[in-house]
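Residues per chain, in single letters:
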Amino acid sequence: MEQWLTFARGPLFIATFSLMVLGLLRLAFMQLWEMVKAWLRMEDHRLPWWKNIKELLAWSFPITQIPRVKPVIGVVSLFFHAALLATPLLLAEHVMLWRRTLGFGWPSLPRVLADGLTLIFMVAVLLLLGIRTFHRPSRAISRFWDYALLLVLLLPFVSGYLAMHPEFLIFRIKTMLLLHVLSAELVFVLIPFSKLSHAALFPFGRLSSDFYWRLPADGPDRVARALHGEEVKA
Amino acid sequence: MREQPVVDWIFHEPPPVIAKTPVKAPRAHYHIIDPPKEGRVAMFLRAFAAVLKYSSYKGMLDAYSRLSTGCARCSAACHIYRATGDDKDIPCYRTYLLLDIYRRYFTLEGQVKSLVLGGRELCEADIDLLAESFYRCNACRRCSLECPMGIDQGLMTHLGRYILSEMGIVPKALRLSTIREMESQTHTTTAMPAPALEDFIVFLEKELLRLTGRPIRFPVDEPGREFIFFAPASDFIMEAETLMGHAALMHAVGYQDRWTIGTHDCDAMNFGLYYNDWVLDHVVCQLCGEADRLRAQKIMIGECGHAARTAKEFVPVFGRDLKRPAISSIEFAAQMLQAGKLKLDPRAIQQRVTYHDPCNIARSGWIIEQPRQLLRAMAPNFVEMTPHGRWNYCCGGGGGAASIDEIHDYRMEIAGKVKAEQLKATGADLVVAPCAECKKQLRELVKHYSLNMEVVGLNDLLLKAIRWE
C-alpha cells in the first residue's frame, strides 16, 4: 500500500498533472491559432475588445449576472465553482505539499472553512445533479458525460473529506488517501478531454465570437465556386 | 389556433414527427424553390466541408464544442422557448445539432470514435430537423447575452442557414427577394421599376409641401454628395411617412444638398445576413458600387435593423476598395439633436409612446440611447417596455421570418407571443419600431392580438415634431 501511495503521489501525480497542463495549453494554443488565422483572413480588424473584456470580467465574477435569469441554478453553480477552486488550492495540507515541492507556498484556509467548503461542494454537486435530472430544459440538453463528470468531481472531495476525518473512515487511512489521490488524478486526466477544459478556454468564447463574425472577404466566393463551379447564382 | 401547418412542406416527403411538443403549435414550414430531393446528407456534408475549408467558422465550432457546458441558461432568455416549452427550441439544443455533426464528421476525435464505437450517422430526417430548427430561431442573439461562456447562438444559426442554403434549402421568400435585388433595374427586393420610384418621389415631395409648407426635395442621382441614402425597399411601398420624415430631417438640419438617393440601387435590405454569406457579399458590393457611381462619401441607412447592421459590419469586410463609412439615420438624427441643429417640439406627440429595440442594432449596444433621446425630446408620454435595450425581446420576425408569409401562424402564435405580451403591458398608443421587418411583424401582431395601438417609424414622429424656424 505504501508503495502504491508513493507511486500515486510521485510519478503518477507528475504525469497526470503535466498531462492536464500540457493538454490545456494545447487547447488554448489551438484556439489562439484559429483566432490568428481568422485575424489574417479578416478584412476589418476593428473589434470591440473593450466591450468583450468588460463582459468577460463581468462573467468571471458573475454576481451581477446571476439574478437576471434562473437565480437558483446560478447561485448553486457559483458555490460549486468557488468551492471547486478554493478547496484544492487553499487546503493547508495541499499548500504544504506545494511548499515541499516548489519551495514556496501561500496562505491556506483554516480547517473549519475548508471542511465547510468541501461540504458545500458536495451539496452543490448533488443539487446540480438534481437540476440536470428534474429541471426540464437542463435535462433536455444533458448527455452522459454531463452527469458522469459531476460524479467524478465528487470522488476526490468525498475521499479527501473521509481521509481528514478518521471518525468516518471506512477504509484504512492509507487506502483512503490513495483513493483520494487517484480520483484527483482521474480529474486531471479528464480536464483537457472534456468540457472541463472550459477552465482554461473560458476567455475564448467571449473574446473570439467577434473574430468569427468578421468573415473573410474571399471566403464566400471560394465556397460558392467549390460547390457550384464558376456559374454561381443567387 | 390551427393544428396543422399552414402550408405543406415542399420537401419530397412530409417532415417526420420528431416528438410530441407540449404545446400544439404551428410549425415553421416554409416554401422552398426546387428543394433537393435525394442525397441530401451527402450534399449537406459537402457544403459543410467547403464552408469549413474556406471560411473562419472552424475556430468557432472548435471553441463552442469545448465550451458548451449545457447549463440551459439560454432557455430562459429565448422568447421562442418561452412560448412553446419544446426542448427543440432551447438555443443550446439547436447549437448541439450542428456541433454534433461537426464533431462526428470533421474532427479526428469524432471520426476515430465513430470508427471504434459506431455511432449515429446523419440521416435525411436530421436534414429536415435542421432545416426547420434554424428557421424557428429568430437569430436575435438574446440568448448569447445570457450564456456564461459567451457562445453566440446567432452565429451558429447564421452558419447553419448558410450550409443549408448552399445545398438549396432557402425560404422561397428570401431567395426571390434576393434574386430581385440582384437582377432588377433598381436593385430592390421589390423589383420596383425606376419610373415608379421617380413617381413615388414626386408624390412624396408634393405631400411634404402640403404638410410642412416647405419645398422639401428628395435629391435623386446627385453625384458628389456626402451621404448616399438607402432605405429598406418596403419603405418605398408602405412607409411614405418614414421616408418623408427622413427628407424633412435632412432639410431641417440644412443637409438638403448633402444627400442623395441612387436609382440604380436604393434598397438597404440584405437578406444575405439571414441565409448566405455569398449573397451578403454581393449585395454589399452592389451597395458600395452605387455609392461609388455617385461618388458619395458615406453610406446612410434608413430605418432598418438588419440593413444598418449589415452596412456597419459588412461594408468594411466586403466593400473591398469601394468601402466607405456607414451610418444609421437614427444615429445621424441623434447627433443633429445633440448639436442643436435639429429642433423638436417637446409636446408634439401627446399619445403614450413606447419603443421597440430592433435586435440587430440594439443587441450589441450600438443604437439604444439615440432613439430614446429623440423620443424624449418630442414625446412627453414615453414609456419603456420591460425588458428593453440590449435585453429587449425580438418581435418574432427576426432573421427574415417577417418576410416569410407562409409561416404567419408560427410568427403570431409562437415567435411573437412574448412581444405581444410586452406590448400589451405598456398600454401604449404608439409603438415606435425603426425597422422595416419589425414594423411588418408588429403590425400583424397588433392585429392578431387585437391590441389597440399603432406601429410607426421614428421618422414618422420626427416629421410631426420638427420645429421649422
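Values in this document were obtained by computation on a predicted structure and should not be read as measured data.

Draft legend 1. Highlighting the overall build of chain B. When helices and strands are counted, chain B shows 23 helices and eight strands. For a compact globule of 469 residues, the expected C-alpha radius of gyration is about 23 Å, and chain B comes in at 23 Å, within 12% of that figure. In chain B, the proportion of contacts linking residues at least 24 apart, taken out of those at least 6 apart, comes to 81%. Accessible surface, chain B: about 16400 Å² in total, of which carbon and sulfur atoms supply 53%.

Draft legend 2. View of a nonpolar patch on the surface. All names here are of chain A. Taken together, the side chains of Phe29, Trp33, Val36, Trp39, Leu40, Trp49, Trp50, Ile53, Leu57 and Phe61 present a nonpolar region at the surface, about 1100 Å² in accessible area. With five residues, the top contributor of residues to the nonpolar patch is helix H2 (residues 11-41). Inspection of the secondary structure puts tryptophan 39 in helix H2.

Draft legend 3. Focus on helix H22 (residues 436-448) of chain B. All names here are of chain B. Here H22 spans 18 Å end to end across 13 residues, near enough to the 18 Å set by a 1.5 Å rise per residue. Looking only at H22, the buried set comprises Ala436, Glu437, Cys438, Lys439, Gln441, Leu442, Glu444, Leu445 and Val446. Just downstream of H22, serine 450 is the residue with a positive phi angle, here 50°.

Draft legend 4. View of the sheet that holds strand E2 (residues 259-260) of chain B. All names here are of chain B. The strand order across the open sheet built from four strands is E2-E1-E3-E4, with neighbouring strands paired in parallel fashion. Each edge of the open sheet carries a strand with a single partner, namely E2 and strand E4 (326-328). Sheet topology note: the strand E1 (residues 227-230)/E2 ladder contains two bridges and is parallel. Bridge assignment links isoleucine 228 to a residue of E2, and that residue is threonine 260. Of the strands in this sheet, E1 and strand E3 (298-301) are in contact with helix H15 (residues 277-293), which crosses E1 at around 140°.

Draft legend 5. Layout of the nonpolar core. Formed by 166 residues in total, the largest nonpolar core has its most connected members in Phe44 and Phe332 of chain B. Per-element tally for this core: the top contributor is helix H1 (residues 40-54) of chain B, with nine residues. Setting aside its immediate chain neighbours within four residues, phenylalanine 44 of chain B contacts Leu98, Ile101, Leu122, Ile127, Leu130, Ile163, Leu164 and Met167 of chain B. Core analysis: the second largest hydrophobic core is formed by 30 residues, Met20, Phe121, Val152 and Tyr161 of chain A among them.

Draft legend 6. A look at the environment of arginine 40 of chain B. Residues and elements named next belong to chain B. Position of arginine 40 relative to the elements: it lies in helix H1. Placed 366 residues apart in sequence, arginine 40 and glutamate 406 show a C-alpha to C-alpha distance of 24 Å. Only 3.1 Å separates the side chain of arginine 40 from the side chain of aspartate 128, close enough to count as a polar contact.

Draft legend 7. Fine view of the packing of aromatic side chains. Inspection of the entire model under this criterion finds 22 aromatic pairs over all chains. On the numbers, 6.1 Å between centres and 40° between planes, the contact of tryptophan 98 of chain A with tryptophan 106 of chain A is tilted. Ring centres of phenylalanine 229 of chain B and tryptophan 259 of chain B lie 5.6 Å apart, and the angle between their planes is 85°; this geometry places the pair in the edge-to-face category. With phenylalanine 229 of chain B in strand E1 and tryptophan 259 of chain B in strand E2, this pair connects stretches of sequence that are 30 residues apart.

Draft legend 8. View of empty space enclosed by the protein. Residue and element names in this part refer to chain B. Taken as a whole, this structure holds six cavities of 30 Å³ or more when the rule is applied. By volume, the largest cavity amounts to about 250 Å³. Lining the largest cavity are 25 residues; nearest its centre among them are Asn138, Ala139, Tyr274, Asn360 and Gly399. Secondary-structure elements contributing two or more residues to the lining of the largest cavity are helix H9 (153-166), helix H14 (272-275), helix H16 (305-318), helix H18 (359-362) and H22. The element best represented in the lining of the largest cavity is H9, accounting for four residues. Per-class residue counts for the lining of the largest cavity are eleven nonpolar, ten polar and four charged. There is about 90 Å³ of room inside the second largest cavity. Along its surface, the second largest cavity is lined by Cys78, His79, Ile80, Pro91, Arg94, Cys137, Asn138, Ala139, Cys140, Arg141, Arg142 and Cys143. Listing elements by their share of the lining of the second largest cavity, those giving two or more residues are helix H4 (79-84), helix H5 (91-106) and helix H8 (142-146). Here the lining of the second largest cavity is built from residues that sort into seven nonpolar, two polar and three charged.

Draft legend 9. The arrangement of the interface of chain A and chain B in detail. If you look at the interface, chain A gives 52 residues, while chain B gives 69 residues. Viewed at the interface, chain B and chain A are joined by six salt bridges. For the salt bridge of arginine 390 of chain B with glutamate 55 of chain A, the shortest nitrogen-to-oxygen distance reads 2.9 Å. At the boundary of chain A with chain B, the tally comes to 20 residue pairs in polar contact (both at pLDDT 80 or more). Residue assignment for the side of chain A that touches chain B shows that the elements contributing at least two residues are H2, helix H3 (49-60), helix H7 (136-140), helix H10 (198-213) and helix H11 (219-228) of chain A. Its residues assigned to classes, the side of chain A that touches chain B shows 24 nonpolar, nine polar and 19 charged.

Draft legend 10. How the structure looks around the confidence of the model for chain B. Residues and elements named next belong to chain B. With 95% of its residues at a pLDDT of at least 70, chain B reaches an overall mean of 91. Every residue in residues 1-23 is under pLDDT 50, and counting partners more than four places away or in other chains gives 50 contacts. Complex prediction metrics read pTM 0.93 and ipTM 0.92.

Draft legend 11. Structural context of the layout of surface pockets. A volume near 1600 Å³ is recorded for the second largest pocket. Taken together, 47 residues line the second largest pocket, and the ones lying closest to its centre are Arg143 of chain A together with Asp100, Arg103, Glu109 and Lys113 of chain B. Looking at the lining of the second largest pocket, the elements with two or more residues in it are H2 and helix H8 (144-164) of chain A together with helix H2 (57-67), H5, helix H6 (108-117) and helix H7 (124-136) of chain B. Counting residues per element, the lining of the second largest pocket draws most heavily on H5 of chain B, which supplies nine residues.

Draft legend 12. Region of interest: the packing of H11 of chain A against H15 of chain B. For the pair H11 of chain A and H15 of chain B, interaxial distance at closest approach is 8 Å and the crossing angle is 125°. Considering their axes alone, H11 of chain A and H15 of chain B lie oblique with respect to each other. Handedness of the crossing formed by H11 of chain A with H15 of chain B: left-handed. The residues of H15 of chain B that touch H11 of chain A, namely those facing Pro220, Asp221 and Ala224 of chain A, are Asp277, Trp278, Asp281 and His282 of chain B.

Cut-offs used in this document
Residues numbered from 1 in each chain as written. Chains lettered and ligands numbered in written order. Predicted model: local features only at pLDDT ≥ 70, side-chain atom pairs only at ≥ 80, totals over all residues. Heavy atoms only, no water. Helix = DSSP H or I, 4+ residues; strand = E, 2+ residues; numbered from the N terminus. Rg over C-alpha atoms; globule rule 2.2 N^0.38 Å. Contact = heavy atoms within 4.5 Å. Areas by Shrake-Rupley, 256 points an atom, 1.4 Å probe, with all protein chains shown as cover. Patch = residues over 30% accessible without salt bridge, like charges linked within 9 Å, V, L, I, M, F, W, Y side chains within 5 Å. Salt bridge = Lys/Arg side-chain N within 4 Å of Asp/Glu carboxyl O. Expected span 1.5 Å × (residues − 1). Buried < 20%, exposed > 50% of the residue type's maximum accessible area, 1.4 Å probe, protein only. Pairing = 2+ DSSP bridges. Axes fitted to C-alpha atoms, helices over the stretch in contact; angles between N-to-C directions. Core = buried A, V, L, I, M, F, W, Y, C linked by side-chain atoms within 4.5 Å. Polar contact = N/O pair within 3.5 Å; in protein donor to acceptor, adjacent residues only side chain to side chain. Phe/Tyr/Trp six-rings, centres within 6.5 Å; stacked < 30°, edge-to-face > 60°. 1 Å grid on protein atoms, 1.4 Å probe; cavity = no way out; pocket = protein on both sides within 12 Å on 5 of 7 lines; lining within 4 Å. Points joined across faces, edges and corners; volume = space filled by probe spheres on them. Nonpolar A, V, L, I, M, F, W, Y, C, P; charged D, E, K, R; others polar. pLDDT = per-residue confidence, 0-100. Parallel < 35°, antiparallel > 145°, perpendicular 65-115°, else oblique. Left-handed = near helix turned anticlockwise from the far one by under 90°.

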